[in-house]
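Residue-level listing of the chains:
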2 protein chains.
Amino acid sequence: MLDNAVKASHDRTFYAQYPEHPKAYGEEAPQSGEVAFKAMLGRPFDRLLQDTDNWQGEEVSPYTMEPLAISYPIIPPDALVMAAQSAAKAWAKLPVTERAAILTESLEAIKQHFFEIAYATMHTTGQSFMMSFQASGPHANDRALEAIAMGYRELQRYPEQLTWEKPMGKSSIVLDKQFKAIPKGVGLVIGCSTFPVWNSLPGIYADLVTGNPVLVKPHPRAVLPIAIVVAAIQQVLKANGQDPLLCQLAADTSEHLNTKALCEHPDVALIDYTGGSAFGNYVEQLPGKTVFTEKAGVNSVIIDSAKDMDAVAQNLAFSVSLYSGQMCTAPQNFFIPERIYDEVANKVRDAVAALVSNPKMGAGTLGALQSDVTFNRALDARSLGAEVLLGGAPVTNEEFAKARTCSPTILETTADAQEVYGRELFGPIILLVRTKDTAESIRLAREMARKHGAITCAAYTTDPAVQAEIAEEMNSVFTPVSFNFTGFIWVNQHAAFSDFHVTGGNPAGNASFTNPEFVLRRFVWVGNRVQVS
Amino acid sequence: MLDNAVKASHDRTFYAQYPEHPKAYGEEAPQSGEVAFKAMLGRPFDRLLQDTDNWQGEEVSPYTMEPLAISYPIIPPDALVMAAQSAAKAWAKLPVTERAAILTESLEAIKQHFFEIAYATMHTTGQSFMMSFQASGPHANDRALEAIAMGYRELQRYPEQLTWEKPMGKSSIVLDKQFKAIPKGVGLVIGCSTFPVWNSLPGIYADLVTGNPVLVKPHPRAVLPIAIVVAAIQQVLKANGQDPLLCQLAADTSEHLNTKALCEHPDVALIDYTGGSAFGNYVEQLPGKTVFTEKAGVNSVIIDSAKDMDAVAQNLAFSVSLYSGQMCTAPQNFFIPERIYDEVANKVRDAVAALVSNPKMGAGTLGALQSDVTFNRALDARSLGAEVLLGGAPVTNEEFAKARTCSPTILETTADAQEVYGRELFGPIILLVRTKDTAESIRLAREMARKHGAITCAAYTTDPAVQAEIAEEMNSVFTPVSFNFTGFIWVNQHAAFSDFHVTGGNPAGNASFTNPEFVLRRFVWVGNRVQVS
């Protein structure tokens, strides 16, 4: 499994250890998952091997608007760090092959909980059931395996021991050399409220495979999905004779956030962060810490030409509607040259309107809005000062009458209105920007990525020269481009083992899932030399 | 040559592309080198393919105390950066195989100048002729080759192009994917006055092999050695149809230093720095820059036990005397338990005194002091408040009567006197610290490395348990340990292709020659996707 994963992450062809079809996990699995999820509601989460007198929780389902009423152990930062350090010594001494084996086993254990995690994700983030299952289940596990595999490979890059012999005329100097990968120290993984598992697993597993203990600090409104994962990891560690506190849930409350105290703790050496840019910039500038961030970005669509503009509009309508635009990969700004602007704008509007009102597709694609903040931003989008091409409004969800939903608002603006589109408007808000020509579209998309960061760029053109130009310009600001996606493939999707998620080169984040640096920066090569003769 | 270098840097056994014996380069080479060096004195350095109206220079030989009277082009930062950016586009588009081939050819060109560079190094840094030759010649070229090889390997880690096919029931989604290693931007390599070539070549070549242009900012008192190298690189670039301004000398003067202006230039993306900690800390905290530093450290010797303490003392005497302690790898603090303190202290004192006064060895080992600052620090060492076991004094150099020299001062102090030994005392100053026992020695050496940084640690013990304990404790603060070195091997030496130079894990520096990060952090992987069906 590890060798396949190492190979896949270098071949970068299609690969999945964990199939994304629910049926691959048995007919009964979804229902038992739902039963298990419901059994957890309304009481303390008792699976963790962590204890305290202070149990709290504040999660509310975006579908039912009811509190989950699950409480989690709230443990002070000092106690978490001390337990992590105490657990770390034996773990650091295990060969990476053994660490990787135990961690891989933990993925298999997590697999048994995929559907509980799916329901937990759905009722904390507002993702649809299918996205909750895929993103927090197989896709997250594949990303975790990718991180384990990269660590497994990189920690075996150099020989543990060798004889070095330097010829000195007729004799020689002989040294016995040992190379060790020394873990940097306690890791901290700060999760977000929209992708509590997918965005946290790479950092958790990268810390652990490189020999570091890890504290998992979830968003107080999205704890359960990752708590199930942490508990499963702890059980597997324990079963393998390791200290389960190598991986601890570091839950806190909105009233008393521990994030800064954990970040600034002198013994926290590694920080993985997913979330807003303001806090992300603070984390990046902390002295003496090794930091991996994914922050906000402004993703562009450049539309130049297409064989079938209806197919383009339908593809993009799905991309912007999927989880109501709450993906870090969702497109926001559509740059459309005036020669085709009216045609394209109308097609996009019609496609979004059709999708949203489609009784089979609409509510399921949109899911629910994770927070009131996003909901209010979506409702207020009309007052951003741009023309409203399509107004967003709550959408009926047949299964959950109280679900917090809002369909996409489509605004129309002009190239010079950067005060409107020159920032992330997280949620179901799309801006169509009328440009002079594709050259201006490219220039603006590039500038957005350079100044505000970008994780994706979708582009449509039938002209190879324009395609090359878009690739060149967007790549120069470290933004990948997806060309001419139609049908069942969307710019939002980054496949494990093939697509790097975030490049690390623009303000959207300083790290990437999972390039070599993502594991290399978590340990230090140290070489000892012993003279033999 | 590249394949051998890639293999060597992973095997980490003894390997040298460029032999360290002067004789390997022909009988005539040293003398022609001296002739060429002398011909450069007293006039503008005219080999660079850079021009300006402003030519200045201020180098003074530490051996003759005479100005070299060579002037260099002084070009404003903006002009350097613009020329670099203009040169960069075509270079970035070359396949890494071609870049690596051209850069390897430039090493062969530099080889032709090894002895000029040796004399230039000698008369700027004060290194002995042999050290000047080895450090600035073969050893530096080997480190450069190591960086090229790492880039050559890492940029070919992922396929440039592949077909990704995701099965979707009876059909599939097919994408054409392209992976590109996008260079980060203009590089800046800030050199130091003591190792102007050895410490600069890895950063220069790491920048160039990863597709970045580079500005080489020497210390104003040690320009010539690296100027010869830059000129050679420019000639080879030009001969291969590349813009020679991909690699520019960014000389300045002590009166008008350009270092901060270059560091803070918005288009400078990469900075390699060797030098003092104050400026190094400033560089490390510059927002938005990728920074590689080697700063000051406090290197320890832990003496517990030895089969032959005389051999130990002789080995250490050479280590501390070599280039008068002006190596970043030179030992400073000797931690010696009281049970053997007097015996060891006397042996070290006697060995240093014998080496210094040895007419065949003394002056040649010590070389000259690069600067008045170091000279005065050495002379003032007596007034540091510690007992003087051996006073330092100028040493006669038969070849250069005016050479600025000073033999090592050996001071004796106690474990609690951290105000004396708890900082770098750059130059020929050694502190013997009397400790309660080896456990205290280890604790103090560890604390010094953790707080002040360390690049090396020499340890002597015949007890395997003590050896393991020293390795464990020093490695935990990311400091490598060299055990029981006697004879012709010294803790100061870090061999290319085998020893990592600086671990990057403690305050002595944040980077390492040449681990994978040293090249990986200079470019960004970006993947484009084009839908095929």
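Keep in mind it's a predicted model, so treat the numbers as computed, not measured.

Draft legend 1. Up close: the overall build of chain A. Helix and strand content of chain A: 19 helices and 17 strands. Taken against the 2.2 N^0.38 rule, which gives 24 Å for 533 residues, the C-alpha radius of gyration of chain A at 24 Å falls within 12% of a compact globule. Split into buried and exposed, the 533 residues of chain A put 64% on the buried side. In chain A, the share of contacts with a sequence separation of at least 24, taken over all contacts with a separation of at least 6, comes to 75%. As displayed, chain A has an accessible area near 18,700 Å², and 51% of this comes from carbon and sulfur atoms. Averaging the coordinates of the 43 positive side-chain charges in chain A and doing the same for the 57 negative ones gives two points 6 Å apart.

Draft legend 2. Here's a closer look at the side chain of A:Ser106. Residue and element names in this part refer to chain A. Mapped onto the elements of the fold, Ser 106 is located in helix H4 (residues 96–111). Here Ser 106 falls in the buried class, since its relative accessible area comes to 1%. Every residue in contact with Ser 106, bar those within four places of it in the chain, is listed here: Tyr 205, Ile 233 and Val 236.

Draft legend 3. Region of interest: the UniProt feature "domain: Aldehyde dehydrogenase" (unreviewed entry) in chain A. The feature "domain: Aldehyde dehydrogenase" (unreviewed entry), as annotated in UniProt, sits at residues 78–475 of chain A in this numbering. The distance from the first to the last C-alpha atom of residues 78–475 of chain A is 43 Å, and the span holds 46% helix and 19% strand.

Draft legend 4. Representation of the interface of chain B and chain A. Taken together, the contact pairs 72 residues of chain B with 72 residues of chain A. In total, chain B and chain A occlude about 5,900 Å² of area from one another, counting both sides; carbon and sulfur atoms represent 55% of this. Contact with chain A buries area across many residues of chain B, yet B:Phe14, B:Arg157 and B:Arg529 alone supply 13% of it, more than any other trio. Across the chain B-chain A interface, the total number found is 10 salt bridges.

Draft legend 5. Representation of the relation of the copies chain B and chain A. You can overlay chain B on chain A at an RMSD of 0.0 Å; the transform is a turn of 180 degrees with a shift of 0.0 Å along its axis. Taken together, the rotation angle and the small translation identify this as a two-fold axis. Across chain B, the rotation axis passes nearest the C-alpha of B:Glu517, at a separation of 3.3 Å. Of all interface residues in chain B, 100% are interface residues in chain A too; the two copies therefore contact each other through one and the same surface.

Draft legend 6. Representation of the pairing of strand E15 (residues 457–460) of chain B in the model. All names here are of chain B. Burial of the side chains of E15 extends over both faces: Cys 457 and Ala 459 are buried on one face and Ala 458 and Tyr 460 on the other. As paired elements, strand E10 (residues 300–303) and E15 share four bridges and run parallel to each other. Pairing of Ile 302 across the sheet is with Ala 459, part of E15. Sheet topology places E15 next to strand E16 (residues 482–483); two bridges connect them, and they run parallel. If you follow Ala 459 over to E16, its bridge partner there is Phe 483. Between E15 and its parallel partner E16, the chain crosses via helix H18 (residues 464–476), and the hand of that crossover is right-handed.

Draft legend 7. Spatial organisation of the packing of aromatic side chains. Inspection of the entire model under this criterion finds 52 aromatic pairs over all chains. Ring geometry for A:Phe500 against B:Tyr158: centres 5.2 Å apart, planes inclined by 70 degrees, an arrangement best described as edge-to-face. One end of the pair, A:Phe500, is in the loop between strand E16 (482–483) and helix H19 (516–520); the other, B:Tyr158, is in the loop between helix H7 (138–154) and strand E3 (161–168), on a second chain. Note on accessibility: A:Phe500 and B:Tyr158 belong to one class, buried. With 6.4 Å between their ring centres and 70 degrees between their planes, B:Tyr25 and B:Phe115 make a pair best called edge-to-face. Taken as a pair, B:Tyr25 in the loop between helix H1 (2–11) and helix H2 (29–40) and B:Phe115 in helix H5 (residues 114–125) lie far apart in primary sequence, 90 residues in all. B:Phe115 carries the same exposure label as B:Tyr25, and that label is buried. A connected cluster of aromatic rings, assembled from ring pairs, spans A:Tyr18, A:Tyr25, A:Phe37, A:Phe114, A:Phe115, A:Tyr119, A:Phe129 and A:Phe133. One residue, B:Arg12, lies across the ring of B:Phe500, its end atom 4.0 Å from the ring centre. One cation-aromatic arrangement involves B:Arg522 over B:Phe292; the distance from NZ or CZ to the ring centre is 3.9 Å.

Draft legend 8. Structural context of unusual backbone geometry. In this structure, the amide linkage connecting A:Phe513 to the following residue, A:Thr514, adopts the cis form with an omega of -20 degrees. Within the secondary structure, A:Thr514 is located in the loop between E16 and H19. A positive phi angle, near 50 degrees, is found at A:Tyr323, a position not held by glycine. Tracing the backbone shows A:Tyr323 in the loop between helix H12 (309–321) and strand E11 (333–337). Judged by relative accessible area, A:Tyr323 falls into the buried class, the value being 1%. Despite not being glycine, B:Phe497 shows a phi value in the positive range, around 70 degrees. Within the secondary structure layout, B:Phe497 lies in the loop between E16 and helix H19 (516–520).

Draft legend 9. Spotlight on the domain arrangement of chain A. Residue and element names in this part refer to chain A. The domains assigned to chain A are domain 1 (23–296 + 511–531) and domain 2 (300–483). The C-alpha-based centres of domain 1 and domain 2 are spaced at 33 Å. Contact with domain 1, which involves 20 residues of that partner, is made by 19 residues of domain 2. Of the roughly 1,500 Å² buried between domain 1 and domain 2 on both sides combined, carbon and sulfur atoms contribute 63%. Contact with domain 2 buries area across many residues of domain 1, yet Tyr 63, Met 131 and Ala 296 alone supply 31% of it, more than any other trio. Taken together, domain 1 and domain 2 are joined by one salt bridge. Connecting domain 1 to domain 2 are six residue pairs in polar contact (both at pLDDT 80 or more). With four residues, helix H5 (residues 114–125) is the largest single contributor of residues to the side of domain 1 that touches domain 2.

Analysis parameters
Position numbers for residues count from 1 along each chain, tracking the sequence in the order it is written. Just so you know, chain letters begin at A and ligand numbers begin at 1, following the order they were written in. Reporting of local features is limited, given that this is a predicted model, to residues whose pLDDT is at least 70; pairs of side-chain atoms are given and counted only at 80 or more, and all residues count toward the totals for whole chains, interfaces and linings. Side-chain calculation: all heavy atoms of the structure are included, whereas hydrogens and water are not. Helical segments are the DSSP runs of H or I of at least four residues, strand segments are the runs of E of at least two, and each set is numbered from the N terminus. Radius of gyration means the value over C-alpha atoms here, while the globule rule gives 2.2 Å times the residue count to the 0.38 power. Between buried and exposed lies partly exposed: a residue is buried under 20% and exposed over 50% of the maximum accessible area for its type, with that area taken using a 1.4 Å probe on protein chains only. Residues are treated as being in contact if the distance between any of their heavy atoms lies within 4.5 Å. Using a 1.4 Å probe, the Shrake-Rupley method yields the accessible areas, and only the shown protein chains count as cover for residues. The charged-residue count follows a simple rule in which Lys and Arg add positive charge and Asp and Glu add negative charge, with His and chain termini not counted at all. Throughout, a charge is located at the NZ atom of Lys, the CZ atom of Arg, the CG atom of Asp or the CD atom of Glu. UniProt positions are given in the numbering used here, feature names are shortened, and annotations may be inferred rather than shown by experiment. Two parts placed together each lose some accessible area; with a 1.4 Å probe, that loss summed over both constitutes the buried area. Criterion for a salt bridge: a side-chain nitrogen of Lys or Arg within 4 Å of a carboxyl oxygen of Asp or Glu. The copies were overlaid with a least-squares fit restricted to C-alpha atoms from residues scoring a pLDDT of at least 70 in each copy. For two strands to be treated as a pair, DSSP must find at least two bridges joining them. Viewed with both strands pointing away, a crossover whose connecting path from the first strand over the helix to the second turns clockwise is right-handed. Working definition: rings of Phe, Tyr and Trp (its six-membered ring) pair if their centres are within 6.5 Å, and the pair is stacked with planes under 30 degrees apart, edge-to-face with planes over 60 apart, and tilted otherwise. Charges are assigned to positions over rings by a cutoff of 6 Å between ring centre and Lys NZ or Arg CZ, combined with an angular limit of 35 degrees from the ring normal. Domain boundaries shown here were taken from an automatic or database domain assignment. Whenever two N or O atoms come within 3.5 Å, that pair is a polar contact, provided that in protein one can donate a hydrogen and the other can accept it, and provided that, for residues adjacent in sequence, both atoms are side-chain atoms.

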